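Each chain, letter by letter, is given below.
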Amino acid sequence: MYTNILRHPGPTPIPQKVQLAMAHDIYSHRSGEFVELYRETTKRLKPLFGTKQDILLLPSGGTAALEAAAINTVSSGEDVVVITVGAFGDYFVGICEKYGFNVHKLAIEWGEACTEEALVEFLKPLNSIKAVFATYNETSTGIINPIEKLAKVVRTQTDALFIVDGVSCVGGAPAEMDEWGIDILVTGSQKAMMLPPGLSFVSVSERAWKAIENNKTPSYYLNLSSYRNWAEKGMTPNTPAITLIYGLAAVLDLIEEEGYEQTIARHALMKDMVRAAMRSLGIGLLTSDEYASPTITTILTPEGLDLGDYLGHLKNEYHLDFAGGLGHLQGKVFRFGHMGYCFPSDILEAVSLMEAGLQDFNYSFESGAGIKAAQDVFLSRKKR
Ligand SMILES: *Cc1c(COP(=O)(O)O)cnc(C)c1O
């Protein structure tokens, strides 16, 4: 079988250098070799989070890291606000409800971002809110929330902690946790971090550590204080995803080699290429340019096509693998992931194969228009 051209918003392709790094001999997580690896990788992660705080490594998917962020800071019966703009925002709602937090849900229509005005209004009648939860980049709709502005609202209007799910964008979108005033920022390995699933990352502010010390919700495997105590020794409380941490060192090599700023700029460029291509093909986009995600673009079903047939054909005929829509968007949109190990050349490839698929279905468009539009964006950006 040929390689799958995986253009999903996670899991995402893994660079060969990272694959090879994961073939490293295994060492015990109590060995000097591991301590060195742990200390080095967690230090080098800091610029991706924009923090001076430690980055804790959990041997888990992103959802467990979200759960850890919630249950370590908030106790049952306390009031929280959850901003949800799509399926992943609803994860925080689900977690908070399960643990008996008193949830005030700010639900925004799918495809829209939460604006600072919306949050200001929502917070006005509320008091003694313990934490505000938000998704930075909503993977189900392809929007990126104005998280810096939302952080400012939370900071000025409340004493609440601001807890952010950055799973589908840290590494592909700017994150300045300390400067913006984010209290907990979480991400996972299999999105923009170019790793297999199974490792998650949590960074915690000093304010949040204080709340964690006074928190009453019990936790064992996801107890962040325990991760913090072990981190002082350069270790994790239990056996971590050692192999993935070897891969992480190689990921950091690649990001440092490209330059962190450049990595972020590449993601923005790919977003603009995809959007220009779709417009030239007469295909609609779910989101406005203003809040369009740099890591994933949500595309409306091309007119007159059955989405299942089209995506199936792209996969079977051209090995191009897109993700479908979630929830009520199923059948109406598909999702083009462009995060992590993805370059402008990959966008040109995917757009070209999309066009081939459109021709096979006799969709009416000017052949090559999408490729040209994407390439024009690419060339104009290069000249600057
Ligand atoms: C993928 C994703 C998650 C969940 O991560 P898992 O590793 O699947 O548990 C949470 N939030 C966002 C925004 C995501 O994209």
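A quick note: this is a predicted structure, and the numbers were derived from the prediction, not measured.

### Some points on the nonpolar core
Formed by 95 residues in total, the largest nonpolar core has its most connected members in I83, F133 and F162. Ranked by residues supplied to this core, first place goes to helix α10 (residues 242-258) with ten residues. Looking at which domains feed residues into this core, each of domain 1 (16-256) and domain 2 (260-382) supplies at least three. When sequence neighbours within four positions are dropped, the list of residues in contact with I83 reads G89, L106, C114, L119, V132, F133, A134, T135 and L150. Residues L285, L314, F322 and F336 belong to the second largest nonpolar core, which totals 34 residues.

### Things to note about the sheet that holds strand β10 (residues 200-204)
Strand order in the open sheet formed by seven strands is β2-β10-β9-β8-β5-β3-β4, and the pairing between neighbours is mixed. Each end of this open sheet is capped by a strand with a single partner; those strands are β2 (55-58) and β4 (102-107). Between one strand axis and the next, the sheet turns by 20° as a mean value, whatever way the strands run. Across the sheet, helix α6 (residues 147-157) is in contact with β3 (79-84), β5 (129-135) and β8 (161-165); its angle to β8 comes to roughly 160°.

### Side note on α10
Its 17 residues place the ends of α10 25 Å apart at the C-alpha level, agreeing with the 24 Å of an ideal helix rising 1.5 Å per residue. For α10, the set of buried residues is I242, L244, I245, Y246, G247, L248, A249, A250, V251, L252 and I255. Looking at the buried residues of α10, the elements they touch are α1 (16-21), α2 (32-49), β2, β10 and α11 (260-280). One or two residues past the end of α10 sits G259, with phi positive at roughly 100°.

### Quick look at the sheet that holds strand β1 (residues 5-7)
With mixed pairing, four strands are arranged side by side in an open sheet as β1-β12-β13-β11. Of all strands in the sheet, those bounded by a partner on one side alone are β1 and β11 (296-300). The average angle at which neighbouring strand axes cross in this sheet is 35°, direction not considered. Alignment of strand β12 (residues 320-324) against strand β13 (residues 333-337), held across two bridges, turns out to be antiparallel. For G324, the partnering residue across the bridge sits in β13 and is F334. In the packing of helix α13 (residues 344-360) onto the sheet, contacts are made with β1, β12 and β13, and the angle to β12 comes to roughly 85°.

### Considering helix α9 (residues 224-231)
Among all positions of α9, only L224, Y227 and A231 are buried. Buried residues along α9 cover an arc of 55° about the axis, so they all sit on one side. Capping of α9 at its N-terminal end is provided by N223; its side-chain oxygen lies 3.1 Å from the backbone amide nitrogen of S225.

### A look at the site of the ligand
In the vicinity of the ligand lie 13 residues, with T63, T139, D165, Q190 and K191 positioned nearest. T63 is positioned with one of its side-chain polar atoms (N or O) 2.5 Å from an oxygen atom of the ligand. In the environment of the ligand, a nitrogen atom lies 2.6 Å from a nitrogen or oxygen atom belonging to the side chain of D165. Relative to its unbound accessible surface of 380 Å², the ligand loses 87% to contact with the protein. The residue inventory of the shell around the ligand, partitioned by class, reads three nonpolar, eight polar and two charged.

### Notes on the pairing of β11
Counting buried residues in β11 gives four out of five residues, a clear majority hidden from the surface. Where β11 and β13 come together, five bridges link them in antiparallel fashion. Pairing of L300 across the sheet is with V333, part of β13.

### Quick look at the UniProt feature "domain: Aminotransferase class V" (unreviewed entry) in the chain
UniProt marks residues 21-298 with the feature "domain: Aminotransferase class V" (unreviewed entry), using the numbering shown here. Secondary structure within residues 21-298 divides into 42% helix and 16% strand; the distance between the first and last C-alpha atoms comes to 33 Å.

### Quick notes on the pairing of β12
Of all the five residues making up β12, four are buried; the element is thus mostly covered by neighbouring parts of the structure. Examined bridge by bridge, β1 and β12 share three bridges and lie parallel to one another. Looking across to β12, one finds that I5 is bridged to L320.

### A look at the layout of surface pockets
Taken as a whole, the largest pocket holds about 320 Å³ of empty space. Residues of the lining of the largest pocket, tallied by class, amount to twelve nonpolar, two polar and five charged. Taken domain by domain, the makeup of the lining of the largest pocket includes at least three residues from each of domain 1 (16-256) and domain 2 (260-382). Of the pockets and cavities examined, the second largest pocket occupies roughly 210 Å³. Around the second largest pocket, the lining residues are T3, N4, I5, L6, R7, P13, Y341, F343, D346 and E349. Mapped onto the lining of the second largest pocket, the elements with two or more residues apiece are β1 and α13. Looking at the lining of the second largest pocket element by element, the count peaks at three residues for β1. For the lining of the second largest pocket, the class distribution of residues is five nonpolar, two polar and three charged.

### Here's the deal with the environment of K271
One can find K271 in helix α11. As a C-alpha pair, K271 and E349 span 78 residues in sequence and 14 Å in three-dimensional space. When neighbours within four sequence positions are excluded, K271 is seen to be in contact with A292, S293, P294 and H338. Among the polar contacts listed, one links the side chain of K271 to the side chain of D272, at a separation of 3.5 Å.

Criteria and cut-off values
In this numbering scheme, every chain counts its residues from 1 along its sequence in written order. Residues qualify for local features only when their pLDDT is at least 70, as the model is predicted, and side-chain atom pairs are given and counted only at 80 or more; totals for whole chains, interfaces and linings, by contrast, use all residues. Side-chain numbers come from the whole structure's heavy atoms, not from hydrogens or water. Nonpolar cores are built from buried Ala, Val, Leu, Ile, Met, Phe, Trp, Tyr and Cys residues. Side-chain atoms within 4.5 Å join them into one set. Exposed residues in this analysis have more than 50% of their type's maximum accessible area, buried residues have under 20%, and partly exposed residues fall in between, with area computed by a 1.4 Å probe over protein chains only. Numbering of helices and strands starts at the N terminus; helices are DSSP runs of H or I of at least 4 residues and strands are runs of E of at least 2. Delimitation of the domains relies on an automatic or database domain assignment. Contact criterion: two residues are considered in contact whenever any of their non-hydrogen atoms come within 4.5 Å of each other. Pairing between strands requires that DSSP locate at least two bridges from one strand to the other. Helix axes use the C-alpha atoms of the stretch in contact, all axes being lines fitted to C-alpha atoms, and the angles between their N-to-C directions lie in the range 0 to 180 degrees. For a helix, the expected span equals 1.5 Å multiplied by the number of residues minus one. To obtain the arc, one takes the directions from the helix axis to the C-beta atoms. Here a polar contact is taken to be a pair of N or O atoms separated by no more than 3.5 Å, where protein atoms must pair a possible hydrogen donor with a possible acceptor and residues adjacent in sequence count only if both atoms sit in side chains. Nearness of a residue to a molecule or strand requires only that one of the residue's heavy atoms be within 4 Å of it. Accessible surface is estimated by sampling points in the Shrake-Rupley manner with a 1.4 Å probe; for residues, cover comes only from the protein chains shown. Under the convention adopted here, Pro, Cys and the residues Ala, Val, Leu, Ile, Met, Phe, Trp and Tyr are nonpolar, Asp, Glu, Lys and Arg are charged, and Gly plus all remaining residues are polar. UniProt positions are given in the numbering used here, feature names are shortened, and annotations may be inferred rather than shown by experiment. Grid spacing is 1 Å over the protein atoms alone, the probe is 1.4 Å, and a cavity is where that probe fits but cannot get out, while a pocket is an open set with protein on both sides within 12 Å along at least five of seven lines and lining residues have an atom within 4 Å of a point. Grid points are joined across faces, edges and corners, and a volume is the space filled by probe spheres set on the points.

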